[in-house]
Amino acid sequence: MLTVHKKSNTWLRELDSQALLQSLRNLETAFKRFFKGTSKYPRYKSKYNPIQSYKTLNINNCIRINGNRIRLPKVGWIKFRTKQKIQDKIKSVTVSKNPSGKYTLSILCDNVPQKLFKRNDRSCGLDLGITNFVTINTGEKILFPEQDKINRLNKKIKRLQRSLSKKKKGSNNYKKQKKRIAKAYEKIHNTLKYHFYKISQRLTEKYQVICMETLNIKGMLKNSKLSNKISEKAWHMFTTILKQKCQEHGRTLIQIDQWYPSSKICNICQHKNQKLTLKQRTWTCTKCHTTHNRDVNAAKNIHKKGLKELNT
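Thresholds, definitions, all that
Residues numbered from 1 in each chain as written. Predicted model: local features only at pLDDT ≥ 70, side-chain atom pairs only at ≥ 80, totals over all residues. Heavy atoms only, no water. Pairing = 2+ DSSP bridges. Helix = DSSP H or I, 4+ residues; strand = E, 2+ residues; numbered from the N terminus. Axes fitted to C-alpha atoms, helices over the stretch in contact; angles between N-to-C directions. Phe/Tyr/Trp six-rings, centres within 6.5 Å; stacked < 30°, edge-to-face > 60°. Buried < 20%, exposed > 50% of the residue type's maximum accessible area, 1.4 Å probe, protein only. Lys NZ or Arg CZ within 6 Å of the ring centre and 35° of its normal. Contact = heavy atoms within 4.5 Å. Parallel < 35°, antiparallel > 145°, perpendicular 65-115°, else oblique. Left-handed = near helix turned anticlockwise from the far one by under 90°. Nonpolar A, V, L, I, M, F, W, Y, C, P; charged D, E, K, R; others polar. Core = buried A, V, L, I, M, F, W, Y, C linked by side-chain atoms within 4.5 Å.

Further remarks concern the sheet that holds strand β3 (residues 69-72). Spatial strand order, β2-β3-β4: three strands in an open sheet with antiparallel pairing. Only two strands of the sheet have a single neighbouring strand rather than two, namely β2 (64-66) and β4 (76-79). Each neighbouring strand pair of the sheet contributes to a mean axis angle of 30°, computed without reference to strand direction. The pairing of β2 with β3 spans three bridges and is antiparallel. The residue bridging Arg-64 from the neighbouring strand is Arg-71, located in β3.

Quick look at the structure:
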């Protein structure tokens, strides 16, 4: 059908053939997901969507890199910036435009060597929380990174959004204001991403096995009192980065069942405290009379449960 359309619509010949084929592959994937019941019926993507992207494949060395320039089919040579030296064979390139107006290149290479760390016998359990971002079973607590800066940016976003609501939709000033909001959101995203990579790198460098709980974030966001604080912590982003780092460095990540009551169980005698509430940060076990810090106790239980699952 694409060949027939190219004859009648001459403008299709101006585009990269692999990019057109890739859009059809994406459509095929969307329909497969719909018939499996994993997603809704495919919809047309609006040209006003803030995120735009296309993917092209490297056929007959049509994508080449020379210093700080890259050659893309039908586009030609363009300047780009990277900290990595790309020496491996390029398989594909995805060009994306962000809501802030920046363009990014995602280059997929073949035979990229993994930086495997030396194997060790150390393991840990992680408990993600609101007061302490990460609590390790050893008692070490990692605070949420740059909380003051993120609070300032959130206040700025509120102010910009109030101003946006007073502007005429579709006008130039409306578009400019939307771009300012997108830039503020991008700053928050980049700040968190940078620190999450640092935390993940430190954990994967130190521990061979990392155990953590599977969080039901969608369910937790239904709590109107805590939803704002939970969404700010970006647990999903941190978990995704940690998974990536474990895969890169040959570490094992175990995610235990989301319904496991890690905070309510005493890590010494396994007695369950049914009356424990969210406000209680410390509690004493009625059976063995041990006083527990809620987060540290949860991390110890996650560690034990994770190692059991690893052995089985």
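Continuing now.
As enumerated under the stated definition, the model contains eight aromatic pairs in all. Judged by centre distance (5.6 Å) and plane angle (70°), the rings of Phe-196 and Phe-238 are edge-to-face. Pair noted here: Phe-196 is in helix α4 (residues 172-206) and Phe-238 is in helix α7 (residues 235-249), with a separation of 42 residues, a long-range link. Each member of the pair, Phe-196 together with Phe-238, is buried. Among the aromatic residues, those joined into a cluster by ring pairs are Phe-31, Phe-34, Phe-35 and Tyr-41. Cation over ring: Lys-233 sits above Phe-144, and NZ or CZ is 4.3 Å from the ring centre.

Along the polypeptide, Leu-242 turns up in helix α7. Taking the C-alpha atoms as reference points, Leu-242 and Phe-196, separated by 46 residues in sequence, lie 8.0 Å from one another. For Leu-242, the residues in contact, after removing those within four places along its chain, are Leu-126, Ser-200, Leu-203, Thr-204, Ile-210, Met-212 and Leu-253.

Strand order in the open sheet formed by three strands is β1-β5-β6, with antiparallel pairing between adjacent strands. Every other strand in the sheet has two partners, leaving β1 (52-57) and β6 (103-109) as the edge strands with one partner each. Across the sheet, the axes of successive neighbouring strands diverge by a mean angle of 15°, strand direction being ignored. Across seven bridges, the pairing between strand β5 (residues 90-97) and β6 is antiparallel. Bridge pairing links Val-93 to Ile-107 in β6.

Viewed as axis vectors pointing N to C, α4 and α7 meet at an angle of 40°, and their least axial separation amounts to 9 Å. As the angle between them shows, α4 and α7 are arranged oblique. In the packing of α4 onto α7, the handedness of the crossing is right-handed. Counting all contacts with α4, which are made through His-189, Leu-192, Lys-193, Phe-196, Tyr-197, Ile-199, Ser-200, Gln-201, Leu-203 and Thr-204, the residues of α7 involved are Met-237, Phe-238, Ile-241, Leu-242, Gln-244, Lys-245, Cys-246 and His-249.

Turning our eyes to something else, we now look at the packing of helix α3 (residues 147-165) against α4. Packing of α3 against α4 brings their axes to within 10 Å, and their N-to-C directions diverge by 165°. Taken together, α3 and α4 sit at an angle that is classed as roughly antiparallel. Pair α3 / α4 crosses with left-handed handedness. Two secondary-structure elements touch here, α3 through Lys-149, Ile-150, Leu-153, Asn-154, Ile-157, Leu-160, Gln-161, Ser-163 and Leu-164 and α4 through Tyr-174, Gln-177, Lys-178, Arg-180, Ile-181, Ala-184, Tyr-185, Lys-187, Ile-188, Thr-191 and Leu-192. Of the residues belonging to the contact of α3 with α4, the class tally is 11 nonpolar, five polar and four charged.

Formed by 32 residues in total, the largest nonpolar core has its most connected members in Leu-126, Phe-196, Leu-203 and Phe-238. Ranked by residues supplied to this core, first place goes to α4 with eight residues. For Leu-126, the residues in contact, after removing those within four places along its chain, are Val-134, Thr-135, Ile-136, Leu-203, Ile-210, Cys-211, Met-212, Glu-213, Leu-242 and Ile-302. Counting residues in each nonpolar core, the second largest holds nine residues, with Phe-80, Ile-90, Val-93 and Cys-109 among its members.

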